Amino acid sequence: MTQAQRIVLASRPKGAPVPDDFRLENFDMPEPGEGELLVRTIWQSLDPYMRGRMDDVKSYAAPVPIGGTMEAGGVGEVMVSNSDRFDAGDIVVGRTGWASHAALDAHQCLKVDPDLAPISTALGVLGMPGHTAWVGLNDILRGQPDETIVVSAATGAVGSLVGQLAKRKGMRVIGVAGGAGKCAFAVENLGYDACLDHHHPDLAGELAALTPHGVDCYYENVGGKTLEAVTGRMNDHGRIAICGMIAWYSGKGLQDAMSLPKMWRAILVKKLRVQGFIVFEHMDRLAPFLAEVGPLVKSGEIHYRESVAEGLENAPVAFLRLLEGGNFGKQLVRVAE
Ligand SMILES: NC(=O)c1ccc[n+]([C@@H]2O[C@H](COP(=O)([O-])OP(=O)(O)OC[C@H]3O[C@@H](n4cnc5c(N)ncnc54)[C@H](OP(=O)(O)O)[C@@H]3O)[C@@H](O)[C@H]2O)c1
């Protein structure tokens, strides 16, 4: 095989991205240099942060250039190894991008243990989203037994693990998710004490009824109306971990957003601790996260769910659906068998 396939950024979105912002291309099979691996992608991850990479604005990471391969984590098989760290046939996780093949620096790849769990989990519950959930709950929120925590995007890749780990700590866990099906899954399969649909016209009233002792911790994934409703229920000295704000990534809903003076006042009078974090600054916490959560996934004590798009060519549409809540659990693309 001399040709590989990739999806590039064709144009920068104006508001919500559309399929024409992406282009499927053939390209010459990459040749791994010294210390590199040629990896054949099997699973590709789709994550909300990719929306930010499409805009030419200053952020914690550089934007994807026009014509550049869209960024992604992927799990694949080593076809050629020019490194003594890996052998051909190993399964690794690394930054494959939206591509069928990639030449990757071996030092930027991790070996995946197929005996621990299905290899796709290295992109979800045992990968970057799981690591994010664990860091946000333990290091940023420092959740304590008997406290009440609210988790938004409660059934997603990050939220579903936050909720289960918080429950295991003895916290009272309230989820917020889109629709009755996701809410039922949160309670029945993930063990949430209750879950609210963020489409409810009186989200604040519903949340108040479910949190008679207020909210101590908010694991913030979405922004939007959920943020305003939860902020109104925060207890004195409560903590908010800002993990994401997907409701606003494409600039939608900004006119209805909670006003800054209202938010500032809540932080002041309730003496809240509000902290944003980016998981890549917490790589020293990867090993303890895997040591705790790996065995729980293997034993089936931690549940996870995946949404799978078939084929690289379907990655753009699956990504657009993810941004609108069309995924149910970790969104993946099966690039190859
Ligand atoms: N800080 C970090 O280092 C870091 C790392 C990873 C992820 N994140 C962030 O964590 C959040 C969750 O990521 P994920 O990978 O676990 O994604 P995910 O939850 O699997 O998928 C995104 C979910 O966001 C929800 N959503 C979309 N639009 C919404 C809206 N307007 N209002 C409320 N909810 C909306 C949808 O769920 P519903 O159908 O339930 O609404 C959708 O399924 C994202 O904000 C992401 O950017 C941050």
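Before any of the text, the structure's been laid out above.
Cut-offs applied
- Residues numbered from 1 in each chain as written.
- Predicted model: local features only at pLDDT ≥ 70, side-chain atom pairs only at ≥ 80, totals over all residues.
- Heavy atoms only, no water.
- Core = buried A, V, L, I, M, F, W, Y, C linked by side-chain atoms within 4.5 Å.
- Buried < 20%, exposed > 50% of the residue type's maximum accessible area, 1.4 Å probe, protein only.
- Helix = DSSP H or I, 4+ residues; strand = E, 2+ residues; numbered from the N terminus.
- Contact = heavy atoms within 4.5 Å.
- Axes fitted to C-alpha atoms, helices over the stretch in contact; angles between N-to-C directions.
- Parallel < 35°, antiparallel > 145°, perpendicular 65-115°, else oblique.
- Left-handed = near helix turned anticlockwise from the far one by under 90°.
- Nonpolar A, V, L, I, M, F, W, Y, C, P; charged D, E, K, R; others polar.
- Near = heavy atom within 4 Å.
- Polar contact = N/O pair within 3.5 Å; in protein donor to acceptor, adjacent residues only side chain to side chain.
- Areas by Shrake-Rupley, 256 points an atom, 1.4 Å probe, with all protein chains shown as cover.

*Asks:* Looking at this model, I keep getting lost on the nonpolar core. Mind explaining?
*Replies:* In a soluble, globular protein the nonpolar side chains are often hidden away together inside. Formed by 37 residues in total, the largest nonpolar core has its most connected members in Ile-149, Leu-161 and Val-293. Per-element tally for this core: the top contributor is helix α2 (residues 128-141), with six residues. Apart from residues no more than four positions distant in its own chain, Val-293 is found in contact with Val-125, Leu-126, Trp-134, Leu-161 and Leu-165. Judged by nonpolar contacts, the second largest core, of 21 residues, contains Met-70, Leu-312, Ala-318 and Val-333.

*Asks:* Is there a simple way to think about the packing of helix α5 (residues 203-210) against helix α6 (residues 224-231) in this case?
*Replies:* Any two packed helices are characterised by the angle at which their axes cross and by the distance between the axes. Two numbers describe how α5 lies on α6: the axes approach to 9 Å, and their chain directions differ by 45 degrees. Here α6 runs oblique to α5, going by the angle between their axes. Between α5 and α6 lies a crossing of right-handed hand. Along the contact surface, α5 presents Leu-203, Ala-204 and Leu-207, while α6 presents Lys-225, Thr-226, Ala-229 and Val-230. Broken down by class, the residue content of the contact of α5 with α6 amounts to five nonpolar, one polar and one charged.

*Asks:* How should I be thinking about the packing of α2 against helix α8 (residues 286-298) in this particular structure?
*Replies:* Relative orientation of the contacting elements α2 and α8 amounts to 95 degrees, with a least axis distance of 10 Å. When the axis of α2 is compared with that of α8, the two are roughly perpendicular. Contacts between α2 and α8 pair Gly-130, His-131 and Trp-134 from the former with Leu-286, Pro-288, Phe-289, Glu-292 and Val-293 from the latter. Class assignment of the residues belonging to the contact of α2 with α8 gives a composition of five nonpolar, two polar and one charged.

*Asks:* Looking at this model, I keep getting lost on the site of the ligand. Mind explaining?
*Replies:* The ligand sits among 26 residues. The nearest are Val-158, Lys-182, His-198, Tyr-249 and Asn-327. Contact between the ligand and Asn-221: an oxygen atom at 2.8 Å from a main-chain N or O atom of the residue. Here an oxygen atom of the ligand and a side-chain polar atom of Asn-327 are 2.6 Å apart. The protein chains hide 90% of the 910 Å² of surface that the ligand would expose on its own. Taken together, the elements giving at least two residues each to the shell around the ligand come down to α2 and α9 (315-323).

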